[in-house]
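Structural characterization, general
The residues making up each chain are set out below.
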Amino acid sequence: MLPPIRRIVWGPDGYLVPRANGLVFAGATVEDVGFRRRTTKAALRRLRSMAAALVPQLRAATTQFDWAGLRPGTPDGLPIIGPVPGIENLVAATGHYRNGILLGPLTGHVVADGVTSGDWGGVPAAFSPARFLRRRPSQ
């Protein structure tokens, strides 16, 4: 079965991601619940409403499964992408928070380019893991 959409659809209340197996993933919710990995009925209702508003054909869709995960974020809200200072051959690509499913493919390409070429110029300096290095007070 082909999904009713072929590309990611983004709206003000969420996004839809088509899968090759015919499923459409709807996301995302944000609930500050610590490390609890369960969905809530209210969140699922919001996602179904958002999906139907973006693609009316999805009103008739049935939920195949639901999933809740933890989203790694950063204190400054920016992802961490690039070589980790002081640890040879360690590259970070994390901290995308709720946009990981959307930015993952682009991040993968940027990291692959950086690893194979050694040129990290395609990654904004603001994303560097070095920004979290503790600076020693002047003596």
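So, here is what we can say about the structure in this document. Because the structure is predicted, anything quoted here is derived from the model rather than measured.

Glancing now at the overall build of the chain. Across its full length, the chain holds 2 helices and 5 strands. In the chain, the succession of helices and strands from N to C terminus is β-β-β-α-β-β-α. Taking all 139 residues of the chain together, the buried fraction comes to 24%. A fraction of 49% describes how many contacts in the chain between residues 6 or more apart in sequence connect residues 24 or more apart.

Let us look at the side chain of His96. One can find His96 in the loop between β5 (91-94) and α2 (100-117). One polar contact links His96 to Thr107, side chain to side chain, over a distance of 2.8 Å. The contact partners of His96, leaving out residues within four places of it in the chain, are Pro72, Pro79, Ile81, Leu103 and Thr107.

To continue, consider the sheet that holds strand β1 (residues 9-11). Reading across from one edge, β1-β2-β3 is the order of the 3 strands in this open sheet, with antiparallel pairing throughout. Every other strand in the sheet has two partners, leaving β1 and β3 (24-27) as the edge strands with one partner each. Each neighbouring strand pair of the sheet contributes to a mean axis angle of 10°, computed without reference to strand direction. Sheet topology places strand β2 (residues 14-18) next to β3; 4 bridges connect them, and they run antiparallel. Bridge pairing in β3 places Leu16 opposite Ala26. Running over the sheet, helix α1 (residues 41-54) touches β1, β2 and β3 and is turned about 75° from β2. Each of β1, β2 and β3 touches α2; the most contacted strand, β2, lies at about 55° to it.

This paragraph deals with α1. Residues separated by three or four positions in an α-helix point in the same direction, a consequence of the helix having 3.6 residues per turn. Over its 14 residues, α1 extends 20 Å from the first C-alpha to the last, a length consistent with the 20 Å expected when each residue adds 1.5 Å. Listed as buried for α1 are Ala43, Leu47, Met50, Ala51 and Ala52. At its buried positions, α1 is contacted by β2 and β3.

The final tally for this structure, using the stated rule, is 2 aromatic pairs. Look at Trp10 and Tyr15: their rings are 5.8 Å apart centre to centre, the planes differ by 35°, and that puts the pair in the tilted class. A relative accessible area of 7% means that Tyr15 is categorised as buried.

Moving on: the pattern of salt bridges. Applying the stated criterion across every chain yields a total of 1 salt bridge. Notably, a salt bridge pairs Asp76 with Arg131, separated by 2.6 Å at the nearest N-O pair. Residue Asp76 is located in the loop between α1 and β4 (80-83), and its partner Arg131 is located in the segment after α2; the two are separated by 55 residues in the primary sequence. Asp76 gets classed as partly exposed once you look at its relative accessible area, which sits at 38%.

What follows covers the nonpolar core. Among the nonpolar cores identified, the biggest contains 7 residues, and these are Ile5, Leu16, Leu47, Met50, Ala51, Val55 and Leu58. Among the elements that make up this core, the one with the highest residue count is α1 (3 residues). In this structure Met50 touches Asp13, Gly14, Tyr15, Leu16, Ala26 and Gly27, once residues within four positions along its chain are discounted.

So, about the pairing of β2. Of all 5 residues in β2, 5 are buried, a share of seventy percent or more. Examined bridge by bridge, β1 and β2 share 3 bridges and lie antiparallel to one another. Each residue of the ladder has a partner; that of Gly11, found in β2, is Gly14. Taking the residues that link successive antiparallel strands as the turn, the β1-β2 hairpin has 2 residues.

Conventions and cut-offs
Residues numbered from 1 in each chain as written. Predicted model: local features only at pLDDT ≥ 70, side-chain atom pairs only at ≥ 80, totals over all residues. Heavy atoms only, no water. Helix = DSSP H or I, 4+ residues; strand = E, 2+ residues; numbered from the N terminus. Buried < 20%, exposed > 50% of the residue type's maximum accessible area, 1.4 Å probe, protein only. Contact = heavy atoms within 4.5 Å. Polar contact = N/O pair within 3.5 Å; in protein donor to acceptor, adjacent residues only side chain to side chain. Pairing = 2+ DSSP bridges. Axes fitted to C-alpha atoms, helices over the stretch in contact; angles between N-to-C directions. Expected span 1.5 Å × (residues − 1). Phe/Tyr/Trp six-rings, centres within 6.5 Å; stacked < 30°, edge-to-face > 60°. Salt bridge = Lys/Arg side-chain N within 4 Å of Asp/Glu carboxyl O. Core = buried A, V, L, I, M, F, W, Y, C linked by side-chain atoms within 4.5 Å.

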